[in-house]
Amino acid sequence: MACQEYQELISDYIDGTLELGEEARIERHLADCDGCRAVRDDLLQIVHFSRQLPLHTPSSEVWTQLQTKIAAERPTHFGSRVAAWVSRLKNLELNLSVPQLAASAAALLIIFSVALIISRQSAETPSASSLAGRSGTAGMNLLSNAEDQEIEEKIERLRESVEQRRVTWSPELQVAYDRSIRQVDQCLATCRQQLSGDPSDQVSKDLMRDAYLEKQRLLEGFTKF
Amino acid sequence: MACLRQTLEMTVTAQSSQTMTDLELVRAAASGDAVAFERIYEQHRRRVYSLCARMLGNVEQAEDLTQEVFLQVYRKIGSFRGDSAFTTWLHRLAVNQVLMHFRKRGVKLEHTSEEGDFTNVVETPLQSTRRISMVDRLALERAIAQLPPGYRTVFLLHDVEGYEHEEISSTLGVSVGTSKSQLHKARMRLRELLSKTTSNAGE
């Protein structure tokens, strides 16, 4: 094998990726060849110093402009982020096991509620228990059109149906149902609170409508048990 | 031996703490905590910017791309699952942004050297290995900037950023063999460029 062929293997040799036989062959060659040995030593130096290159610092302008872009994006970002979470709720598979169904719905709704509270930077945040204490039908006059009233009526019918089935469930299923409904009601209470402060808040209205739809889906899921 | 074990345990604990701190920051930032996002920026901006600057060889473009990377972080941080280190996730995002930048500008990374197959073996060794010194890190940076984009990308990912060939292969959409070949060609080209620098300095 000519020197050029050996030199083409030197990077793999340095990186330790040669087969044992090839490695032994190249080592024998390096022992006898000054030129190839010099190439090996030079490449080792290059690799060594490449791993120690310093980090460079961007100008402060990068952060300034980034903040401007983020500020411009923030309302949309919030809306699209929450929409993505609600969309995930809609795609929950009903053939999940009970704990998964309830846990997924509950976790996503918690995130949804927290995001809503934080992004609105409410000065006063009622306790979770006071939020959850409101019934599922309270504040329904905030959604006033016929379609929303239809949803509310459907939810109430579903809830009554589920409550009748609930007594026949295992304790685990009952706990999962109670936790899921509590979480979605907390979410709804948060939306109501936002709307009571600003009835024209279309984002909160949309989120509240979506939350009602998700409550409906959740109840429909539990009617299958 | 007990002392060594204790030292190792402390190191692992410190690393675990750092990892948990990263995750806590990410969760806070994903929840809208602006201070947490700023801390993430402060912790990672230099590495992201350095990668962009060396890949692109242009300060203004590198700053624009750094901004874009962190804007993507802001948009996507909620999707970070914690199944890899945050630094890994961020770094992949940065590399993808650089590659998208190259694609938009029609920069092809697949080409080999402009001379075709590599035949230009540098037979004269560098004057002395001591010539590649702390001072000549600057020469190395300049030499890296002179590499063709394909060589430079593979070299930076492997030798500077520590990627394995398999990861470079999947990131760039090339075979592992191509990644290894381009890495070797990049190193040999750097050797050639640095030997010219050394020769000029000696004149």
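Each value, and the rule that gives it
- Residues numbered from 1 in each chain as written.
- Chains lettered and ligands numbered in written order.
- Predicted model: local features only at pLDDT ≥ 70, side-chain atom pairs only at ≥ 80, totals over all residues.
- Heavy atoms only, no water.
- Helix = DSSP H or I, 4+ residues; strand = E, 2+ residues; numbered from the N terminus.
- Buried < 20%, exposed > 50% of the residue type's maximum accessible area, 1.4 Å probe, protein only.
- Contact = heavy atoms within 4.5 Å.
- Areas by Shrake-Rupley, 256 points an atom, 1.4 Å probe, with all protein chains shown as cover.
- Phe/Tyr/Trp six-rings, centres within 6.5 Å; stacked < 30°, edge-to-face > 60°.
- Arc of directions from axis to C-beta.
- Buried area = accessible area lost by both parts, 1.4 Å probe.
- Salt bridge = Lys/Arg side-chain N within 4 Å of Asp/Glu carboxyl O.
- Polar contact = N/O pair within 3.5 Å; in protein donor to acceptor, adjacent residues only side chain to side chain.
- Nonpolar A, V, L, I, M, F, W, Y, C, P; charged D, E, K, R; others polar.
- Bend = angle between axes of the 7 residues up to and from the residue.
- Core = buried A, V, L, I, M, F, W, Y, C linked by side-chain atoms within 4.5 Å.
- Axes fitted to C-alpha atoms, helices over the stretch in contact; angles between N-to-C directions.
- Parallel < 35°, antiparallel > 145°, perpendicular 65-115°, else oblique.
- Left-handed = near helix turned anticlockwise from the far one by under 90°.

(A) The arrangement of the overall build of chain B in detail. If you tally the helices and strands in chain B, you get 8 helices and 0 strands. The secondary structure elements of chain B, listed N-terminal to C-terminal, are α-α-α-α-α-α-α-α. Considering chain B as a whole, with its 203 residues, one finds that 46% of them fall into the buried category. Within chain B, contacts between residues at least 6 apart in sequence are counted, and of these 67% link residues at least 24 apart. Accessible area of chain B: about 10,600 Å², with a carbon and sulfur share of 51%.

(B) Layout of the packing of aromatic side chains. One pass over the structure, following the stated rule, counts 11 aromatic pairs over all chains. Among the aromatic residues, those joined into a ring-pair cluster are Trp63(A), Phe37(B), Tyr41(B), Phe70(B) and Tyr74(B).

(C) Here's a closer look at helix α7 (residues 165-172) of chain B. All names here are of chain B. Buried within α7 we find His 165, Ile 168, Ser 169 and Leu 172. Projected down its long axis, α7 shows its buried positions confined to an angular sector of 100°, all on one face. Projecting away from the buried face of α7 at angles above 90 degrees are the exposed residues Glu 166 and Ser 170. Phi turns positive one or two residues past the end of α7, at Gly 173, with a value near 70°.

(D) Representation of the interface of chain A and chain B within the structure. Each side of the interface is counted separately: chain A has 38 residues, and chain B has 47 residues. Between chain A and chain B the total buried area reaches about 4,300 Å² when both faces are included, carbon and sulfur atoms providing 59% of it. On the chain A side of the contact with chain B, Ile46(A), Leu53(A) and Trp63(A) bury the most area, a combined 14% of that side's loss. For the pair chain A and chain B, the interface holds 2 salt bridges. Put simply, Arg187(B) and Asp15(A) hold a salt bridge, and the shortest N to O gap is 3.0 Å. At the surface where chain A touches chain B, the tally comes to 15 residue pairs in polar contact (both at pLDDT 80 or more). It is helix α5 (residues 60-90) of chain A that contributes the most residues to the side of chain A that touches chain B, 11 residues altogether. Broken down by class, the residue content of the side of chain A that touches chain B amounts to 15 nonpolar, 12 polar and 11 charged.

(E) Up close: helix α2 (residues 34-56) of chain B. Residue and element names in this part refer to chain B. The axis of α2 is deflected most strongly, by about 50°, at His 44. By the N-cap criterion, in which a side-chain oxygen at the helix start approaches the backbone nitrogen of a residue two or three places on, α2 is capped by Asp 33, the distance to Val 35 being 3.0 Å. Gly 57 sits one or two residues past α2 and shows a positive phi near 65°.

(F) Structural detail: the nonpolar core. Grouped together as the largest cluster of nonpolar side chains are 73 residues, with contacts concentrated most on Phe37(B), Val73(B), Phe86(B) and Phe155(B). The element best represented in this core is α2(B), accounting for 11 residues. Membership of the second largest hydrophobic core comes to 20 residues, among which are Leu158(A), Leu173(A), Cys187(A) and Met208(A).

(G) Region of the structure containing the packing of helix α4 (residues 86-104) of chain B against α7(B). All names here are of chain B. Orientation of α4 relative to α7, taken along the N-to-C sense of each, is 45°, at an axis distance of 11 Å. Accordingly, the angle class assigned to the pair α4 and α7 is oblique. Crossing of α4 over α7 shows right-handed handedness. In contact with Arg 92, Val 95, Asn 96 and Leu 99 of α4, α7 contributes Glu 167, Thr 171 and Leu 172. When its residues are assigned to classes, the contact of α4 with α7 shows 3 nonpolar, 2 polar and 2 charged.

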